[in-house]
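Overview (structure and organization)
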Amino acid sequence: EGENRIDSRLVAQSLEIEHRVIKQNIRRFMSDFEDIGKVTLREAPLESGQKETYYMLNEEQSLFLVTLSNNSPKVVETKRALAIFGLLTSPFIAIR
């Protein structure tokens, strides 16, 4: 792919939102996320032996996800930072 991606679990952690809520938003608006770019679903093993699913999102998708999030203090802080400083200096850590 060659583009920066962020793990949906990190988005949840950054916004102080439960990961299940983040995944619900992604599933609910999947066609919108897919219009922005490829949505990659991955699995990671848990200590219990079960698997946890998560999404790898591009920068535009992660920004869209922030806009879908309810305005908790942390989400408002993130939206404000994005508005002032732009996506390149957002509190998200981009990974490949």
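Check the entry above for the structure.
Predicted, not measured: the structure shown is a model, and the values here were computed from it.

Describing the side chain of Ser8
Counting through the fold element by element, Ser8 comes out in helix H1 (residues 8-15). Accessibility expressed as a relative area gives 0% for Ser8, which makes it buried.

Some details on the pairing of strand E2 (residues 40-45)
Bridging between E2 and strand E3 (residues 51-57) involves six bridges; their strand directions are antiparallel. Counted as the bridge partner of Pro45 is Lys51 from E3. If you look at the hairpin formed by E2 and E3, you'll find five residues sitting between the two strands, and Gly49 has a positive phi there, around 100°.

A closer look at helix H4 (residues 59-68)
Within H4, burial applies to Gln61, Ser62, Leu65 and Val66. An end-on view of H4 places all buried positions within 145° of arc, on one side of the element.

Observations regarding the pairing of E3
Summarising the sheet, strand E1 (residues 6-7) and E3 pair through two bridges and their orientation is antiparallel. Directly across from Asp7, in E3, lies its bridge partner Met56.

Observations concerning the pattern of salt bridges
In this structure the tally under the stated criterion is six salt bridges. Of the charged contacts, one joins Arg20 and Glu18 as a salt bridge, the two residues approaching to 2.8 Å between their closest N and O atoms. Assessed through its relative accessible area of 46%, Arg20 is described here as partly exposed. Since its relative accessible area comes to 48%, Glu18 is described here as partly exposed. Between Glu77 and Lys74 there is a salt bridge whose closest N-O contact spans 3.5 Å. You can see Glu77 and its partner Lys74 sitting in helix H5 (residues 73-85), three residues apart, about one turn around the helix. Connected through shared salt-bridge partners, Asp7, Arg9 and Glu52 make up one network.

Side note on H1
Inspection of H1 places Ser8, Val11, Ala12 and Leu15 among the buried residues, and these make up the whole buried set. Buried residues in H1, looked at end-on, bunch into an arc of 100°, giving them a common side. One or two positions beyond H1, positive phi appears at Glu16, with a value near 55°.

Thoughts on the sheet that holds E1
The strands making up a sheet associate through hydrogen bonds between their backbones, and the pairing can be parallel or antiparallel. Here we have three strands laid out as an open sheet, ordered E1-E3-E2, and antiparallel in their pairing. The open sheet has two edge strands, E1 and E2, and neither has a second partner. Sheet contacts for H4: E1 and E3; angle to E3, the most-contacted strand, approximately 110°.

Thresholds, definitions, all that
Residues numbered from 1 in each chain as written. Predicted model: local features only at pLDDT ≥ 70, side-chain atom pairs only at ≥ 80, totals over all residues. Heavy atoms only, no water. Helix = DSSP H or I, 4+ residues; strand = E, 2+ residues; numbered from the N terminus. Buried < 20%, exposed > 50% of the residue type's maximum accessible area, 1.4 Å probe, protein only. Pairing = 2+ DSSP bridges. Arc of directions from axis to C-beta. Salt bridge = Lys/Arg side-chain N within 4 Å of Asp/Glu carboxyl O. Contact = heavy atoms within 4.5 Å. Axes fitted to C-alpha atoms, helices over the stretch in contact; angles between N-to-C directions.

On their own, these measurements won't tell you what the molecule is for.
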